[in-house]
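Coordinates in review
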Amino acid sequence: MIKTYKVMLLPNNKQRTKLFECAGVARWAYNFALATQQENHKNGGKFLSDGELRKRLTELKKQKEYDWLNKYSNNITKQAIKDACQSYKNFFEGRTKFPKFKSKKRSRPSFYVDTAKIKITDTHVKLEKLTTSKKSNKQKLNYIKLAEKGRIPTGDNIKYYNPRIKFDGINWYLTVGVEEVETKHQNYTEGIGIDLGIKELAVVSNGQKFKNINKTDKVRKSEKRLKRLQRRLSRKYELNKIQTEGGEYRYRKTANIKKLEYLVLKTYRRLKNIRHDYTHQITASLVKTKPEYVVMEDLNTKGILQNRRLAKAVQEQMFREFIRQMEYKCQRNSIRFILADRFYPSSKICSSCGNIKEQLSLSERKYRCNQCGLEIDRDINASINLKNYGKLIA
């Protein structure tokens, strides 16, 4: 299986400028491919392959107007054209919407690095053609420091897949896939069922409970800071509002507004990282117990978000992300992952006698069986039923 690694980069000012330039070249090539496809379609032509588009770009590079493209790696433009053609194919096959042009303001800066050209060590990553000079002191510009030492596997036998350099608004990251062998355990423990909720993030059939991190002081303080910054930013925008001749209002972005936007983004990213890290800790700890199988419920998250009273709480819990992490970590460790049908009444079934309750409101935190008289925590009861569901599937 292919495991993806994401490591933060620590570029200096010159390297940071070059990375933005490379991302701009990739954006230009992507938009060039889309514009050429649309123009060709208007003239009654058939879909152009990425090979044909690359030939046209090669001819453009010979012109003086587009000579600047030769200063950057041709693999950047080659992959950007491939991505544009793939987005068209995805649209024709009904997987995505019609592809749009990439905007400098709204699109995320990123570009591709060729697998044959990239070189990764424990501390640095070497990129292609960040500098055109062949002098040894200038060639150092191609080596960008990694924030985490020895995180990505290195060696002659290591094969890398789809390396990309991406910018998230604050930092630059390297994402790369590495083929790894699946680990198989000799001794598995008993299977588990996991019930996700709002009061507790996850309740396991063995009795483990993982608290809702959004109720902790660390998250609440960050949320409070985020609200304050957003209010300050909104006031700044209102102060710099300008009315045009047509009667429309435009907002002038000052240096102070840019600083506040950066602080808002930084605080929002901190909240996101706290939640993601907590989810990774839980899923990793559960997989380390080596269960025979893991059963989770296929939640209709989109439907739950329609409830305005629960929408914010559900969104902060990141149910879909929890399921995604659990699924790929189980696959990596050769653990069977089962997704129970969303209509399976895990909360209404009695885990002792199997009786199904017709009505069970959200306010009832204790499950009381009408037949056998069992009294048990509602979430633990659901997790045990999910575990039993896995036994039936087996």
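Going by the structure above, here's the rest.
Residues numbered from 1 in each chain as written. Predicted model: local features only at pLDDT ≥ 70, side-chain atom pairs only at ≥ 80, totals over all residues. Heavy atoms only, no water.

1. So, the sheet that holds strand β1 (residues 2-10)
- Across the sheet, seven strands lie side by side as β2-β6-β7-β1-β5-β4-β3; this open sheet has antiparallel pairing. The open sheet has two edge strands with one neighbour each: β2 (110-112) and β3 (119-120).
- Relative to strand β5 (residues 143-146), β1 runs antiparallel, the two sharing two bridges. From the neighbouring strand, Leu-10 faces β5, where its bridge partner is Lys-145.
- Contacts from helix α1 (residues 13-42) reach β1, β2, β5, β6 (160-167) and β7 (172-179) within the one sheet, and its direction differs from that of β2 by about 80°. (Pairing = 2+ DSSP bridges. Helix = DSSP H or I, 4+ residues; strand = E, 2+ residues; numbered from the N terminus. Contact = heavy atoms within 4.5 Å. Axes fitted to C-alpha atoms, helices over the stretch in contact; angles between N-to-C directions.)

2. Quick look at the side chain of Thr-131
- As for its position among the elements, Thr-131 is in the loop between β4 (124-126) and α4 (136-139).
- The exposure class assigned to Thr-131 is buried, which follows from its relative accessible area of 13%.
- In terms of polar contacts, Thr-131 uses its side chain to reach the backbone amide nitrogen of Ser-133, at 3.3 Å.
- For Thr-131, the residues in contact, after removing those within four places along its chain, are Lys-138, Gln-139, Leu-141 and Asn-142. (Buried < 20%, exposed > 50% of the residue type's maximum accessible area, 1.4 Å probe, protein only. Polar contact = N/O pair within 3.5 Å; in protein donor to acceptor, adjacent residues only side chain to side chain.)

3. Considering the packing of α1 against helix α3 (residues 74-92)
- At their nearest, the axes of α1 and α3 sit 8 Å apart, and the two run at 45° to each other. The pairing of α1 with α3 is recorded here as oblique in orientation. Relative to α3, α1 is oriented so that their crossing is right-handed. Contacts between α1 and α3 involve Cys-22, Val-25, Ala-26, Ala-29, Tyr-30, Phe-32, Ala-33, Leu-34, Gln-37 and Gln-38 from the former and Ile-76, Thr-77, Ala-80, Ile-81, Asp-83, Ala-84, Cys-85, Ser-87 and Tyr-88 from the latter.
- By residue class, the composition of the contact of α1 with α3 is 14 nonpolar, four polar and one charged. (Parallel < 35°, antiparallel > 145°, perpendicular 65-115°, else oblique. Left-handed = near helix turned anticlockwise from the far one by under 90°. Nonpolar A, V, L, I, M, F, W, Y, C, P; charged D, E, K, R; others polar.)

4. A few points about the sheet that holds strand β9 (residues 200-204)
- The five strands are arranged β10-β9-β8-β13-β14 in an open sheet whose pairing can be described as mixed. With partners counted over all chains shown, the strands left at the sheet margins are β10 (209-211) and β14 (336-340), one partner each. Adjacent strand axes in the sheet meet at a mean angle of 20°, parallel and antiparallel pairs treated alike.
- Here five bridges tie strand β13 (residues 293-297) to β14, and the two strands are oriented parallel to one another. Note on β14: the bridge partner recorded for Glu-297 is Ala-340.
- Taken strand by strand, helix α6 (residues 255-288) contacts β8 (192-196), β9 and β10, and its axis lies near 170° from that of β10.
- Where helix α9 (residues 319-332) meets the sheet, it contacts β8, β9, β13 and β14, and its direction lies at approximately 160° from that of β13.

5. Quick notes on the packing of helix α2 (residues 50-61) against α3
- Put simply, α2 and α3 touch, their axes get as near as 9 Å, and they point 140° apart. By the angle between their directions, the pair α2 and α3 is classed as oblique. Seen along the crossing, α2 lies across α3 with a hand that is right-handed. In contact with Asp-50, Leu-53, Arg-54, Leu-57 and Lys-61 of α2, α3 contributes Asn-74, Thr-77, Lys-78, Ile-81, Lys-82 and Cys-85.

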